[in-house]
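# Chain and residue survey
Below, each chain spelled out in residue letters.
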Amino acid sequence: MNNVFGLDIGTRNVVGTVGYQTDDKKFVVTAQYVKEHETRAMLDGQIHDIGRVAKTIKEVKDELEKQTGQPLEEVCIAAAGRVLKTVTTHVEYEYAQESVVTGEDVHTLDLLGIEKAQEALKEVNDTSYKFYCVGYSTVKFFLNDEVFISLEGHKANKIGEDIIVTFLPEDVVDGLYAAVGQAGLSVANMTLEPIAAINVAIPENYRMLNIALVDVGAGTSDISITRDGSIIAYGMIPHAGDELTEVIVQHFLVDFNMAESIKLQSTTSDTVTYKDIMSIEHTIPAKDVWDVAAPVVDNIAQEVSAKIRELNGDKTVSACFVVGGGGKIHGFTEKLAEDLDLPEERVALRGEEVLGDVTFEQEDIKKDPLLVTPIGICLNYYDQRNNFIMVRFNGERIKLYDNNRLTIVDAALQAGFPNDELFPKRGTPINFTVNGVARLVRGEAGEGAVVTMNGKPASINTPLEPNSEIIIEPSTAGDAAEYKISQLDEYNHSVITFVINGRRVSCPRFVQVNGELEPEDYSIRENDVIETRNYYTVRQIAQFMDLVIDTDQMIFVNNEEADLDTLVYENFSVEWKTDEYGVARIDNNTYNDSQESDSDDASVLAEQDANSTESDNTVARTSEQMMNQVLDELHDDFAKEAEASAVSENELPENELPKNDIQEEIQEEDSSKNTITVIVNGEPVELSGKDTYIFVDIFTHISFDLQAGKGRAIATVINGRDAQFSEELHEGDKIELYWKEN
């Protein structure tokens, strides 16, 4: 038989219990002793005078050693629920792209919430003490900013949660260890008072349910919430039994101890007998005490129910158990049930019925809710759960509170290892806008943290083992984001089409960055403002087509007079007279806009239309294709006739056509053909030998060097207007033909 020594170190007194567990899981109490503190050495469950508390513990230890006849060297203790710190916070996680939420993602979200709560706790607590996370509970989940009951399995761009996290201050733990040590004892096991109470008050098979346990003590009411087999949240309100005692003191004019007696009698008898401060004895109905205490009872019940809802995600629980002396006051459980919207039978005072498996060898001890927590502290020893364990993290020895679900990431958080060094980090992103719409290009993903436990590969979710050696190499960041204009869909798949002299010409939309035109290989930078223009100027269209416009001639846009700077929008028509064909572009996609006021380079692409000119008169081409087609028309279709009638190289320069010889040849042709006379550059020219004549026939009847252009355009004018090479000629037409000067 191995006895277990448990201490319930409370604000008003210290309760020592010695006992053992039988083979059939029953617990036998062999000795028990209660000793009040001589001074206010503890306040609200926290040790303020370690020496005086140690003295009280030593007295309890000595008395129990006398009762059992055995030395006591190890003790089980518990930290009061009222010293726990609770933080509520909101946390979010955004995916790089829409993804299916996994259980791992939800766990990561919880860890982010715990870390954020720790930071919030440090801000409001100006202390160097550490805080042990002893529980957390999700209040609400958010999927793309909408409230959801569960996230796992849904597709989301962003997930979030409101989370309540409970912490135990390090100084509380250290104070308990120090007081016990000065009393000549070592700690065999440490738990929390709410957990100790639950071990007795709520059987394990009930803990899968969503249940609240309320321990109504003297100064505070401690609350814990169970769900899915674990305690998920803790809380405390500063209202409890002493407030009831104080209102009795004031109403019945008695001292504090007599008021305590009145309160106790009112819960066990129909009448209450007491002496006031004038030593006058009174006997009153218990109902009188109930009526006096009723407003305070209502207030405590309302505060407790509100806290339960807060800890449980703004909703009620399935049932509520009440322990502690303060909970025995008449009407408390009924009022609490009303405030929790529960049937009265689902809010119950737990005492003698939950101690059914506990046997007291001392016959004068009555089973009572007051004994639930001390017995639970002893029983927790056998489970060896909810203790503190030691591990070595990256060479540093740390202590963690074991809540039965510790993983390596909990050790990392306790050691202060940055959360962003656990998970892969992306390189620096680029934020910019395209046509007013925000865009984000994320950096490349880095490598995750390398985790080992006791020299073997592990993950951050590997269960933690006591005294293990954990090493984490920080995660790395990926390359910074890089994105060029040429990668924008708006650049690659967006064109603007104009009708130029009856032909359709498709051009890429210009890309403007921060008000300046930029080429396709421009690397987009943070906060760039990018816009695709929905217009060209007349000048830019000509430059795209590598044409030089004859500015001495009229330019029309949508049949209205225009100039080189007139804006031309989608499907606008443009009529102009070209003066010459320009030099090919520097490369296939860019041109030098040297005449534009801002002298910017623009990226351009030409898209060739597959339909013939005869079918729809539509063409989208590069400038080189445009120039080559015109030269082909001149050389292949018309210049051959001029070459056939040219003289030998030693008589005339190459490609020069002797006018007189041509005219003589024409006169000798078949006189049966139609003959017309036109005026070319002020001189009459007779055309014969064909039924009809078009403009290019002129070149076989005049002397004109087709190779003398040197990059200039040919001016072709008929009757004062621009002429097409295929335009039919008539008798008396006045024709002008010359090289346009740049």
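Since we're looking at a predicted model, the values are computed, not measured. (Residues numbered from 1 in each chain as written. Predicted model: local features only at pLDDT ≥ 70, side-chain atom pairs only at ≥ 80, totals over all residues. Heavy atoms only, no water.)

Attention now goes to the overall build of the protein chain. Helix and strand content of the protein chain: 15 helices and 45 strands. Sorting the 742 residues of the protein chain into buried and exposed places 49% on the buried side. If you take every contact in the protein chain between residues at least 6 apart in sequence, the share linking residues at least 24 apart comes to 64%. A total accessible area of about 35,700 Å² is found for the protein chain, and carbon and sulfur atoms account for 45% of it. (Helix = DSSP H or I, 4+ residues; strand = E, 2+ residues; numbered from the N terminus. Buried < 20%, exposed > 50% of the residue type's maximum accessible area, 1.4 Å probe, protein only. Contact = heavy atoms within 4.5 Å. Areas by Shrake-Rupley, 256 points an atom, 1.4 Å probe, with all protein chains shown as cover.)

For the rest of this paragraph, the subject is helix 7 (residues 286–311). Residues spaced three or four apart along an α-helix face the same direction, because each turn holds 3.6 residues. Across its 26 residues, helix 7 extends 35 Å between first and last C-alpha, which sits within 8% of the 38 Å expected from 1.5 Å per residue. The largest bend in helix 7 comes to about 50 degrees, at Ala293, with the proline Pro295 one to four residues further on. Once helix 7 finishes, Gly313 follows within two positions and takes phi at roughly 80 degrees, a positive value. (Expected span 1.5 Å × (residues − 1). Bend = angle between axes of the 7 residues up to and from the residue.)

This brings us to the state of the cysteines. Applying the stated criterion to the full structure yields zero disulfides. Left unpaired, Cys76 is separated from the closest cysteine sulfur, that of Cys378, by 6.4 Å. For Cys76, a relative accessible area of 2% translates into the label buried. (Disulfide = S-S within 2.5 Å.)

Time to look at a nonpolar patch on the surface. A cluster of nonpolar side chains, contributed by Leu253, Ile277, Met278 and Ile280, occupies part of the molecular surface with about 440 Å² of accessible area. Mapped onto the secondary structure, Leu253 falls in the loop between helix 5 (241–252) and helix 6 (256–268). (Patch = residues over 30% accessible without salt bridge, like charges linked within 9 Å, V, L, I, M, F, W, Y side chains within 5 Å. Salt bridge = Lys/Arg side-chain N within 4 Å of Asp/Glu carboxyl O.)

So, about the packing of helix 1 (residues 50–68) against helix 3 (residues 170–182). The contact between helix 1 and helix 3 brings their axes to 8 Å, and the two run at 55 degrees. Of the possible angle classes, the one that applies to helix 1 and helix 3 is oblique. Where helix 1 crosses over helix 3, the two elements pack in a sense that is right-handed. On the side of helix 1, the interface is formed by Ile50, Gly51, Val53, Ala54 and Ile57, while helix 3 contributes Gly175, Ala178, Ala179, Val180 and Gln182. Taken together, the residues that form the contact of helix 1 with helix 3 break down as seven nonpolar, three polar and no charged. (Axes fitted to C-alpha atoms, helices over the stretch in contact; angles between N-to-C directions. Parallel < 35°, antiparallel > 145°, perpendicular 65-115°, else oblique. Left-handed = near helix turned anticlockwise from the far one by under 90°. Nonpolar A, V, L, I, M, F, W, Y, C, P; charged D, E, K, R; others polar.)

Before going further, it helps to examine the pattern of salt bridges. Summed over all chains, the structure comprises 18 salt bridges. Linking Glu92 and Lys158 is a salt bridge whose minimum nitrogen-to-oxygen distance equals 3.8 Å. In this pair, Glu92 is assigned in strand 7 (residues 85–100) and Lys158 in strand 10 (residues 155–169), connecting sequence segments 66 residues apart. When its relative accessible area of 40% is taken as the criterion, Glu92 is described as partly exposed.

Looking now at the environment of Ala178. Mapping Ala178 onto the fold places it in helix 3. For Ala178, a relative accessible area of 28% corresponds to the partly exposed category. Linking Ala178 and Gly51, residues 127 residues apart in sequence, is a C-alpha distance of 9.0 Å.

If you trace the backbone, Ala80 turns up in the loop between strand 6 (74–79) and strand 7. Counting along the chain gives 112 residues from Ala80 to Leu192, while the straight-line C-alpha distance between them is 6.2 Å.

Glancing now at empty space enclosed by the protein. Within this structure, the stated rule accounts for four cavities of 30 Å³ or more. Roughly 60 Å³ of volume is contained in the second largest cavity. Considering the residues around the second largest cavity, the lining is formed by His37, Glu38, Thr39, Ala41, Arg52, Lys55 and Thr56. (1 Å grid on protein atoms, 1.4 Å probe; cavity = no way out; pocket = protein on both sides within 12 Å on 5 of 7 lines; lining within 4 Å. Points joined across faces, edges and corners; volume = space filled by probe spheres on them.)

Note on placement: Glu161 falls in strand 10. The charged side chain of Glu161 is buried without a salt bridge, its nearest counter-charge being Arg227 at 9.4 Å. In terms of polar contacts, Glu161 uses its side chain to reach the side chain of Thr138, at 3.4 Å. With sequence-adjacent residues up to four places away left out, Glu161 is seen in contact with Thr89, His90, Val91, Leu109, Asp110, Thr138, Lys140, Phe141 and Phe142. (Lys, Arg positive; Asp, Glu negative; His and termini not counted. Polar contact = N/O pair within 3.5 Å; in protein donor to acceptor, adjacent residues only side chain to side chain.)

Turning our attention to unusual backbone geometry. One non-glycine residue, Asp546, adopts positive backbone phi at about 55 degrees. For Asp546, the position within the fold is in the loop between helix 12 (538–544) and strand 33 (547–549). For Asp546, a relative accessible area of 10% corresponds to the buried category.

Nothing here speaks to function; it is geometry throughout.
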